[in-house]
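Notes for the structure review
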Amino acid sequence: MPMETLRIPDCYTDLDEECGKWARIRHLYVGSGMKRIHGGAFLKCDYLEDLDFAAGLSDCYIGDRAFNECRSMKHIALSEGIVSLGNGCFWNSQHLESIRLPQSLLYMGNHCFDNCLALNSITIPENVEKIGQAAFNLCPFTDIYLTTTDPAKIPYVWSAGTKFTAFDGNCTFNHGH
């Protein structure tokens with residue numbers, strides 16, 4: 001039987017690689033002191049449905065594959081203070097329906113949300129400086145909201161066959177292969 005909720009206290013600043021691999025938890029709450037979640041920290045947590053970060057984070061990095069293959073993940077709430085999402089961070093979270101990206105986010109790695117088959121809408125914050133290749137590969141987007149006025153900041157993130165309408169507040173971009 002999976003544990004219902006795991007709360008990581010505010011005093012924790014760093015979670016090691018694979019510390020929660022295969023953990024049997026449904027809800028994960030990360031405290032405000034977190035600075036780094038290393039690669040693969042919660043790799044293949046098949047029961048994990050919800051991920052929530054506390055307010056008050058500062059310069060927090062989520063490493064490569066940190067939540068890779070969390071196939072039951074449905075909702076992610078990333079709070080202000082998270083600045084980087086590593087390569088394949090949420091790859092293969094096939095049931096992910098919604099994610100809130102903070103304005104503090106600067107970087108999203110390659111294949112960050114690759115194969116998130118239920119994710120059909122996302123808003124890209126204005127401060128994002130780089131989105132890696134195939135970050136949204138195989139996501140069935142109907143809407144991508146760009147808060148930047150420079151779509152050139154985010155090349156190579158859409159997979160072939162992805163159809164979406166993106167808005168930057170001033171005009172509409174239509175894209176389809």
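Structure first, text after, so check above.
Every value quoted in this text rests on a predicted model; they were computed, and no experiment measured them. (Residues numbered from 1 in each chain as written. Predicted model: local features only at pLDDT ≥ 70, side-chain atom pairs only at ≥ 80, totals over all residues. Heavy atoms only, no water.)

Here the focus is the overall build of the protein. Along its length, the protein carries zero helices and 15 strands. Counting all 177 residues of the protein, 47% fall into the buried class. About 8200 Å² of surface is accessible on the protein, with carbon and sulfur atoms providing 49% of the total. (Helix = DSSP H or I, 4+ residues; strand = E, 2+ residues; numbered from the N terminus. Buried < 20%, exposed > 50% of the residue type's maximum accessible area, 1.4 Å probe, protein only. Areas by Shrake-Rupley, 256 points an atom, 1.4 Å probe, with all protein chains shown as cover.)

Let us look at the packing of aromatic side chains. Counted according to the given criterion, the structure contains four aromatic pairs. Summarising the aromatic geometry, the rings of F113 and F136 are spaced 5.7 Å apart at their centres and angled 0 degrees between planes, so their arrangement reads as stacked. Of this pair, F113 sits in the loop between strand 10 (107-108) and strand 11 (121-124) while F136 sits in the loop between strand 12 (130-131) and strand 13 (143-146); the two residues are 23 residues apart in sequence, bridging distant segments of the chain. Neither residue differs from the other here; F113 and F136 are each classed as buried. Through a chain of ring-to-ring contacts, three or more aromatic side chains come together here, namely F42, F67, F90, F113 and F136. (Phe/Tyr/Trp six-rings, centres within 6.5 Å; stacked < 30°, edge-to-face > 60°.)

Glancing now at the sheet that holds strand 3 (residues 25-30). Strands pair in a sheet through their backbones, by hydrogen bonds, and they do so in one of two ways: parallel or antiparallel. Here five strands make up an open sheet; going across it, the order is 1-3-5-7-9 and the pairing parallel. The sheet is open, and its two borders are formed by strand 1 (3-8) and strand 9 (98-100), each paired with just one other strand. Strand-to-strand twist across the sheet, computed as the mean angle between neighbouring axes with direction ignored, equals 10 degrees. Both strand 5 (residues 50-53) and strand 7 (residues 75-77) contribute to a ladder of three bridges, which runs parallel. (Pairing = 2+ DSSP bridges. Axes fitted to C-alpha atoms, helices over the stretch in contact; angles between N-to-C directions.)

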